[in-house]
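Coordinate inspection notes
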Amino acid sequence: DKAIGLEAEKVLSDEDQDFSEEINSYKNSLLKYTYEQRMLDTALSLNVSEEEVANYFNSNKKNFELKENIVRVRYVKVPKNHKKFNRLRYMIQYKDSVKKEKFFNLIQKENIFCEANDSLWQKLDDLKNLIPFKLYNDEHFLRNYYYTEAPDGDYVWILYFTENRLKNGVAPLDLVKEKITAIIVNQRKQDLVQKLGNSVYKEGIKNEEIKIYFEGK
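Below is a short write-up of the structure.

Cut-offs and rules
Residues numbered from 1 in each chain as written. Predicted model: local features only at pLDDT ≥ 70, side-chain atom pairs only at ≥ 80, totals over all residues. Heavy atoms only, no water. Buried < 20%, exposed > 50% of the residue type's maximum accessible area, 1.4 Å probe, protein only. Helix = DSSP H or I, 4+ residues; strand = E, 2+ residues; numbered from the N terminus. Pairing = 2+ DSSP bridges. Expected span 1.5 Å × (residues − 1). Contact = heavy atoms within 4.5 Å. Salt bridge = Lys/Arg side-chain N within 4 Å of Asp/Glu carboxyl O. Phe/Tyr/Trp six-rings, centres within 6.5 Å; stacked < 30°, edge-to-face > 60°. Lys NZ or Arg CZ within 6 Å of the ring centre and 35° of its normal.

**Observations concerning the pairing of strand β1 (residues 70-79)**
- By the criterion of burial, β1 is predominantly enclosed, with eight of the 10 residues buried.
- The pairing of β1 with strand β3 (residues 122-123) spans two bridges and is classified as antiparallel. Counted as the bridge partner of Ile70 is Lys123 from β3.
- Direction of pairing for β1 relative to strand β5 (residues 155-165): antiparallel, over a ladder of 10 bridges. Its bridge partner lying in β5, Val71 is registered against Asn164.
- Note: β1 against strand β2 (residues 113-115), three bridges, orientation antiparallel. From the neighbouring strand, Tyr75 faces β2, where its bridge partner is Glu115.

**Some remarks on helix α5 (residues 97-110)**
- Helix length check: α5, at 14 residues, gives a terminal C-alpha distance of 20 Å against a target of 20 Å (1.5 Å per residue), a fit within 8%.
- Lining the buried residues of α5 we find β1, α4 (85-91) and β2.
- Downstream of α5 by a residue or two, Asn111 has a phi angle that is positive, lying close to 55°.

**Examining the pattern of salt bridges**
- A complete count under the given rule lists 11 salt bridges for this structure.
- The partner of Arg72 in a salt bridge is Asp174, with the nearest N and O atoms 2.4 Å apart. Taken together, the residues Arg72 in strand β1 and Asp174 in helix α8 (residues 173-206) connect sequence positions 102 residues apart.
- For Arg72, a relative accessible area of 11% puts it in the buried group.
- Residues participating in the shared-partner salt-bridge network are Arg72, Glu163, Arg165 and Asp174.

**Observations concerning the packing of aromatic side chains**
- All chains considered together, the criterion is met by 11 aromatic pairs.
- Judged by centre distance (6.4 Å) and plane angle (70°), the rings of Tyr56 and Phe64 are edge-to-face. With respect to burial, Tyr56 and Phe64 carry one shared label: buried.
- Consider the rings of Tyr94 and Phe103, whose centres lie 5.5 Å apart with planes at 40°: the pair is tilted. Take Tyr94 and Phe103: they sit in the same class, and that class is buried.
- Taken together, the ring pairs in this structure connect Phe133, Phe141, Tyr145 and Phe161 into an aromatic cluster.
- The cationic tip of Arg74 hangs over the ring face of Tyr94; the distance from NZ or CZ to the ring centre is 3.6 Å.
- Here the basic side chain of Lys77 rests over the ring of Tyr155, its NZ or CZ set 5.1 Å away from the ring centre.

See the structure below:
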């Protein structure tokens, strides 16, 4: 690169080597960016309230349409001849904290593989890739059933669906909360940058650092 640069200095005219305009433009861009970032660091609030998130969600539900079926599900993988098999079928459908505790105590005691996070949403297709269960019609099943089983060699998967949202419906708020928070903060950032620009422009006019020329007809 250095050799090419030296050769270019020999070949190019002084005019061709004059980059003062480009340098000034680049410098101004860097100054503008640095100034805006400094102002944003001091003036931009990153705190978004639950109310702000809910209001944005309720006003823009059409922007949060689901492209796939999503579910909340509990599942265990049990040896098909396990002595507590039938009991697990029932206990996985717990509805209160007492039964939940009994279920997990049994899971731990019998060393059974289990996933049961009722706050976690996941795509139904991802779940079907993980566990070898088949549904004749996904939407029909999710509308009408909560329980299914899937044989897997010497084991059986027991699945209990606690909640679902169907494709083309509105995503649950807790699933898109982080996205909405980012959108709100970004809007604040854009508004603040615009206000800073307007403020600097007005100050420049006031101090006669910026002049406006009107062309006559």
